[in-house]
Amino acid sequence: MSDDFKRVEAHACPMSTCAAPPGSPCRTGKGKVAIQYHTARFRLVPQLAKTLSVQTPAVRKRGRPGPNTPGR
């Protein structure tokens, strides 16, 4: 498994609809863990700035409610 997700998650997601804090995966509008990180977030990592997408690893339980998503 690539460590790209650790580099991405070192930054908070700048998308107002997500706003995932550092150490958390990006979330969909319904609060579920996104299949891939938002472009605005992974572009904060210089090594990934030109990448087209960065997948959320399976260990982040894609498609399930996020741990910081109360009431969803």
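The following refers to the structure shown.

Criteria and thresholds
Residues numbered from 1 in each chain as written. Predicted model: local features only at pLDDT ≥ 70, side-chain atom pairs only at ≥ 80, totals over all residues. Heavy atoms only, no water. Helix = DSSP H or I, 4+ residues; strand = E, 2+ residues; numbered from the N terminus. Buried < 20%, exposed > 50% of the residue type's maximum accessible area, 1.4 Å probe, protein only. Contact = heavy atoms within 4.5 Å. Disulfide = S-S within 2.5 Å. Core = buried A, V, L, I, M, F, W, Y, C linked by side-chain atoms within 4.5 Å. Salt bridge = Lys/Arg side-chain N within 4 Å of Asp/Glu carboxyl O.

### Let's talk about the side chain of Glu9
(1) Moving on: Among the structural elements, Glu9 can be located in the loop between α1 (4-8) and α2 (39-42).
(2) Moving on: For Glu9, a relative accessible area of 5% translates into the label buried.
(3) Moving on: Setting aside chain neighbours within four positions, we find Glu9 in contact with Pro22, Gly23, Ser24, Pro25, Tyr37, Arg41 and Arg60.

### Comments concerning the state of the cysteines
(1) Moving on: Under the criterion given, the structure shown has zero disulfides.
(2) Moving on: No disulfide involves Cys13; its nearest neighbouring cysteine sulfur is the one of Cys26, lying 3.8 Å away.
(3) Moving on: Cys13 sits in the buried class, given a relative accessible area of 6%.
(4) Moving on: Note on Cys26: relative accessible area 0%, which makes it buried.

### Details of the nonpolar core
(1) Moving on: With twelve residues, the main nonpolar core is built from Phe5, Val8, Cys13, Cys18, Ala20, Cys26, Ala34, Tyr37, Phe42, Val45, Leu48 and Val54.
(2) Moving on: Residues in contact with Cys26, not counting those within four places in the same chain, are Cys13, Cys18, Ala20, Lys32, Val33, Ala34, Gln36, Tyr37, His38 and Arg41.

### Examining unusual backbone geometry
For residues that are not glycine, phi is negative in most cases, and the peptide bond is trans in most cases.
(1) Moving on: Residues other than glycine seldom take positive phi values, yet Ala19 does so here, at roughly 55°.
(2) Moving on: Structurally, Ala19 can be placed in the loop between α1 and α2.
(3) Moving on: On the accessibility criterion, Ala19 (48% relative accessible area) is partly exposed.

### Notes on the pattern of salt bridges
(1) Moving on: Applying the stated criterion across every chain, the model contains three salt bridges.
(2) Moving on: The salt bridge involving Lys6 is made with Asp3; its shortest N-O contact spans 3.8 Å.
(3) Moving on: A residue is classified by how much of its surface remains accessible, and Lys6, at 52% relative accessible area, is exposed.
(4) Moving on: Residue Arg60 is joined to Glu9 by a salt bridge in which the shortest nitrogen-to-oxygen separation is 2.6 Å. Separated by 51 residues along the polypeptide, Arg60 in the segment after α2 and Glu9 in the loop between α1 and α2 bring together distant segments of the chain.
(5) Moving on: Arg60 sits in the partly exposed class, given a relative accessible area of 27%.

### Brief notes about the environment of Cys13
(1) Moving on: Along the polypeptide, Cys13 turns up in the loop between α1 and α2.
(2) Moving on: Once you skip the residues sitting within four places of it in the chain, Cys13 turns out to touch Cys18, Ala19, Ala20, Cys26, His38 and Arg41.

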